[in-house]
Amino acid sequence: MHDLAEGVARFQHDVFPAKAELFTHLAGTHRPTTLFISCSDARVVPELITQSEPGELFVIRTAGNLVPAHAPGPDGVAASIEYAVAVLGVSEIVVCGHSACGAMTALAEQHDLTGLPAVADWLRHADASRARATAANGATDAAALVRENVRAQLVNLATHPSVARALAERTLSLHGWVYDIPAGTVEVLDPAGPPPAMGATDSAGFTDSLGHPAALAA
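For the structure given in this document, a descriptive report is provided here. (Residues numbered from 1 in each chain as written. Predicted model: local features only at pLDDT ≥ 70, side-chain atom pairs only at ≥ 80, totals over all residues. Heavy atoms only, no water.)

Broken down by element type, the chain carries nine helices and six strands. The buried share of the chain, reckoned over its 218 residues, is 40%. Across the chain, contacts joining residues at least 24 apart in sequence account for 61% of those joining residues at least 6 apart. Of the roughly 11,500 Å² of accessible surface on the chain, a fraction of 59% belongs to carbon and sulfur atoms. (Helix = DSSP H or I, 4+ residues; strand = E, 2+ residues; numbered from the N terminus. Buried < 20%, exposed > 50% of the residue type's maximum accessible area, 1.4 Å probe, protein only. Contact = heavy atoms within 4.5 Å. Areas by Shrake-Rupley, 256 points an atom, 1.4 Å probe, with all protein chains shown as cover.)

As C-alpha cells, this is what we get:
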C-alpha cells in the first residue's frame, strides 16, 4: 500500500494539475468512444497501449478477455456491455488478447485446474475458442488459441441485444486485437479469417491478418 499511496501523491502533485481542465470537464461528462475489452493481466494496460486520455475508453477486464454469450440472468459483463452501447453510445468495441496469456496457456497446455474451480468454470467460456483453434491448426497451440479466442469473443459479443441492434443500425463496429508484450506491437485480426502469421509491423506497430500494415477501422 505504501507504493500505491506514493503513486496517489505523485498523481495529485504532478499529473492532476496539468490536466485539471480535463478533469473538470469529465466531472460532468462521460462520453467514451470505445469499449475496450481486455484480459485482467496486469501487463496489459489499455490506456497505456492506446495512449488514451481519461474518459476516452470504457474498459472491461476479464480473465482471458472472455465475453460470455448473452444469456438470461444477472451478468456483470453483459451489464457493462449494454451500458456502454445503449447508454454511452460507444461506436467501437475492441476485444484485445495478448501474448503469454495465462488463461489461454492453461487451456492449450491442459493445466490441472482442480484446485481453481472458479477459474475452471470461467474458462469454459473459451470452449468455442479451443474448438476453433483445433479445427484451424490440428492442435491447440497457445499463440493460435489467443487469436482464435479473440475471434470467438467477437462472435459472442454479437449475441448481446444492444450490440446486435447497433451493428444492424451500422452505428457500431467490432475489432479484434492481439497485443505482443515484449514487442509492444498490436496485431489487428480479421474476425472471420484464418489464424494469421505474425508479420512485419508498420510504424504504428499494427499488422493485419496477413502481416500487412492495417488500419483500425473495420
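Here Glu187 is to be found in strand β5 (residues 185-189). Taking the C-alpha atoms as reference points, Glu187 and Gly97, 90 residues apart in sequence, are found 9.7 Å from one another. Only 2.9 Å separates the side chain of Glu187 from the side chain of Arg147, close enough to count as a polar contact. (Polar contact = N/O pair within 3.5 Å; in protein donor to acceptor, adjacent residues only side chain to side chain.)

A separate point is the packing of helix α4 (residues 76-87) against helix α9 (residues 161-168). As a packed pair, α4 and α9 sit with axes 8 Å apart at the nearest point and diverge in direction by 30°. By the angle between their directions, the pair α4 and α9 is classed as roughly parallel. Pair α4 / α9 crosses with left-handed handedness. Facing α4, whose interface residues are Ile81, Glu82, Val85 and Ala86, α9 presents Ser162, Val163 and Ala166. (Axes fitted to C-alpha atoms, helices over the stretch in contact; angles between N-to-C directions. Parallel < 35°, antiparallel > 145°, perpendicular 65-115°, else oblique. Left-handed = near helix turned anticlockwise from the far one by under 90°.)

Turning our attention to the packing of helix α7 (residues 127-137) against helix α8 (residues 142-157). Each pair of packed helices gets described by two things: the angle between the helix axes and the distance between those axes. Running from amino to carboxyl end, α7 crosses α8 at an angle of 125°, the nearest separation of the two axes being 8 Å. On the basis of their axis angle, the class for α7 and α8 is oblique. Between α7 and α8 lies a crossing whose hand is right-handed. Seen from α7, the contacting residues are Ser129, Arg130, Arg132, Ala133 and Asn137; seen from α8, they are Ala144, Leu145, Glu148, Asn149, Arg151, Ala152, Gln153 and Val155. For the contact of α7 with α8, the class distribution of residues is five nonpolar, four polar and four charged. (Nonpolar A, V, L, I, M, F, W, Y, C, P; charged D, E, K, R; others polar.)

What follows deals with the side chain of Thr62. Relative to the helices and strands, Thr62 resides in strand β2 (residues 57-62). If near-sequence neighbours (up to four positions away) are discounted, Thr62 is found in contact with Ser38, Cys39, Ser40, Val77 and Trp122.

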